[in-house]
Amino acid sequence: MDFKKYLENKRNIINRALDEYLLSEEKPPSIIHKAMRYSVFGGGKRIRPILTLATAELFGKDTESVIKAACGIELIHTFSLIHDDLPCIDNDDFRRGKPSNHKVFGESIAVLAGDALLVSGFDLIIKNSDIKEIKKQSILKLLKEISSYIGTENMLGGQVEDITLKSEDITKADLTNLYMKKTAALLCLSIRAGAILSGAKQRQLKALSKYGENIGLAFQIIDDMLDIMQDQRDIGKPNYANQYGIKESKSESERLIKEAKGFLKIFNNEADTLRSLADYLLLRKR
Ligand code: GRG
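The text that follows walks through the structure, step by step, so that each part is easy to find. (Residues numbered from 1 in each chain as written. Predicted model: local features only at pLDDT ≥ 70, side-chain atom pairs only at ≥ 80, totals over all residues. Heavy atoms only, no water.)

1. Topic: the packing of helix H7 (residues 136-149) against helix H9 (residues 172-197)
Then comes step 1: The interhelical angle for the contact between H7 and H9, taken along N-to-C directions, is 175°, at an axis separation of 10 Å. Overall, the two elements H7 and H9 adopt an arrangement that is roughly antiparallel. Residues Ser 138, Ile 139, Lys 141, Leu 142, Glu 145, Ile 146 and Tyr 149 of H7 touch H9, and the partners they reach there are Ala 185, Cys 188, Leu 189, Arg 192, Ala 193, Ile 196 and Leu 197.
Then comes step 2: Among the residues forming the contact of H7 with H9, the class breakdown is 10 nonpolar, one polar and three charged. (Axes fitted to C-alpha atoms, helices over the stretch in contact; angles between N-to-C directions. Helix = DSSP H or I, 4+ residues; strand = E, 2+ residues; numbered from the N terminus. Parallel < 35°, antiparallel > 145°, perpendicular 65-115°, else oblique. Contact = heavy atoms within 4.5 Å. Nonpolar A, V, L, I, M, F, W, Y, C, P; charged D, E, K, R; others polar.)

In structure tokens, the structure reads:
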């Protein structure tokens, strides 16, 4: 199967699963379920759950055995996007070319829809323990990791720095550190989730984490380039491409992706999907 088909196939599986796991729009209070579904089915690329599924496949596990955890991570990601767009944070009227959640449902419901997706995300990860071949201990380990990877030392802390640090005062090392927390942490966690649930050994987990950190950093630098090229408004927030230019951003993201693939050398061709995923990130246009 070519890689484009692989991605399409996984996206279809993830979309069907999310539709099954989320409560229907009719379920009262209907407005919150509508708001949750609006952002979950708003055109996301599903990179994070695909990373979880692809990493589990590397260890011979099938999609069924980790799909709930993979979808749980996507719900947590969606929560962070809804809150990120709020007037009190980035104040973005649009997400993926469509009105952002608070523009459609109002701020109060958008805050609550985000909260509900965070709770549902954890709930789904816990429900992955229904799968027989997944050890309960690995679910516990994953839950501990998620709390740390999205907490104030990682994603949440990165977001705080993103809105408090001024781009003119920030060094390259600060910016890299901020991106590592704000963006790379959740991508890295998505990979670790697939590995932890599959019973990966410490050495394998370490290599996959290095791969995850590198693709996560590259992902944010590419995001910054896309923002600039698509003429997004400059809200004075740190942006690698703004600060160091498109040429350096391109070469840095290529270097990070090359290095990411280097960390996979302990695996044979069973890691080819992760190698293709890394290359795909460099080519993405949205
Ligand atoms: C989750 C604890 C917690 C916190 C809330 C708002 C917030 C704190 C964090 C937001 C972090 C954030 C928005 C990081 C940006 C990462 C990023 C580039 C997101 C876009 O990812 P894509 O392109 O999204 O994968 P799609 O649209 O494909 O789903």
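2. Description of the packing of H9 against helix H10 (residues 202-229)
Then comes step 1: The N-to-C vectors of H9 and H10 enclose an angle of 135°; their axes lie 7 Å apart at closest approach. Classed by the angle they form, the pair H9 and H10 counts as oblique. For the pair H9 and H10, the crossing hand works out as right-handed.
Then comes step 2: Split into classes, the residues belonging to the contact of H9 with H10 amount to 15 nonpolar, six polar and four charged. (Left-handed = near helix turned anticlockwise from the far one by under 90°.)

3. A look at the side chain of Asp 85
Then comes step 1: Structurally, the position occupied by Asp 85 is in helix H4 (residues 63-85).
Then comes step 2: On the basis of relative accessibility, which here comes to 3%, the residue Asp 85 falls in the buried class.
Then comes step 3: At a separation of 2.8 Å, a polar atom in the side chain of Asp 85 contacts the side chain of Arg 95.
Then comes step 4: Once residues lying within four places of it in the same chain are set aside, the contact partners of Asp 85 are Asp 90, Asn 91, Asp 92, Arg 95, Ser 100 and His 102. (Buried < 20%, exposed > 50% of the residue type's maximum accessible area, 1.4 Å probe, protein only. Polar contact = N/O pair within 3.5 Å; in protein donor to acceptor, adjacent residues only side chain to side chain.)

4. Observations concerning the pattern of salt bridges
Then comes step 1: As enumerated under the stated definition, the model contains 22 salt bridges in all.
Then comes step 2: Close ionic contact of Asp 84 with Arg 95 constitutes a salt bridge, the shortest N to O distance being 3.5 Å. Within this pair, whereas Asp 84 is found in helix H4, its partner Arg 95 is found in strand E1 (residues 94-95), the two being separated by 11 residues in sequence.
Then comes step 3: The exposure class of Arg 95 is partly exposed, given its relative accessible area of 25%.
Then comes step 4: One salt bridge connects Arg 95 with Asp 85, and the closest N-O pair in it is separated by 2.8 Å. Here the residue Arg 95 occupies a position in strand E1, and Asp 85 occupies one in helix H4, the gap between them amounting to 10 residues.
Then comes step 5: Taken together, the shared-partner salt bridges connect Asp 90, Asp 162, Lys 182 and Lys 237 into one network. (Salt bridge = Lys/Arg side-chain N within 4 Å of Asp/Glu carboxyl O.)

5. Quick notes on the site of the ligand
Then comes step 1: Neighbouring residues of the ligand: 18 residues in total, closest Lys 45, Arg 48, His 77, Phe 79 and Arg 96.
Then comes step 2: One of the side-chain nitrogen or oxygen atoms of Lys 45 is found 2.5 Å away from an oxygen atom of the ligand.
Then comes step 3: In this structure, an oxygen atom belonging to the ligand sits 2.8 Å away from a side-chain N or O atom of Arg 96.
Then comes step 4: Here the ligand loses 92% of its free accessible area of 750 Å² to cover by the protein chains.
Then comes step 5: Sorting elements by how many residues they give to the shell around the ligand places H4 first, with five residues.
Then comes step 6: A per-class count over the shell around the ligand returns six nonpolar, six polar and six charged. (Near = heavy atom within 4 Å. Areas by Shrake-Rupley, 256 points an atom, 1.4 Å probe, with all protein chains shown as cover.)

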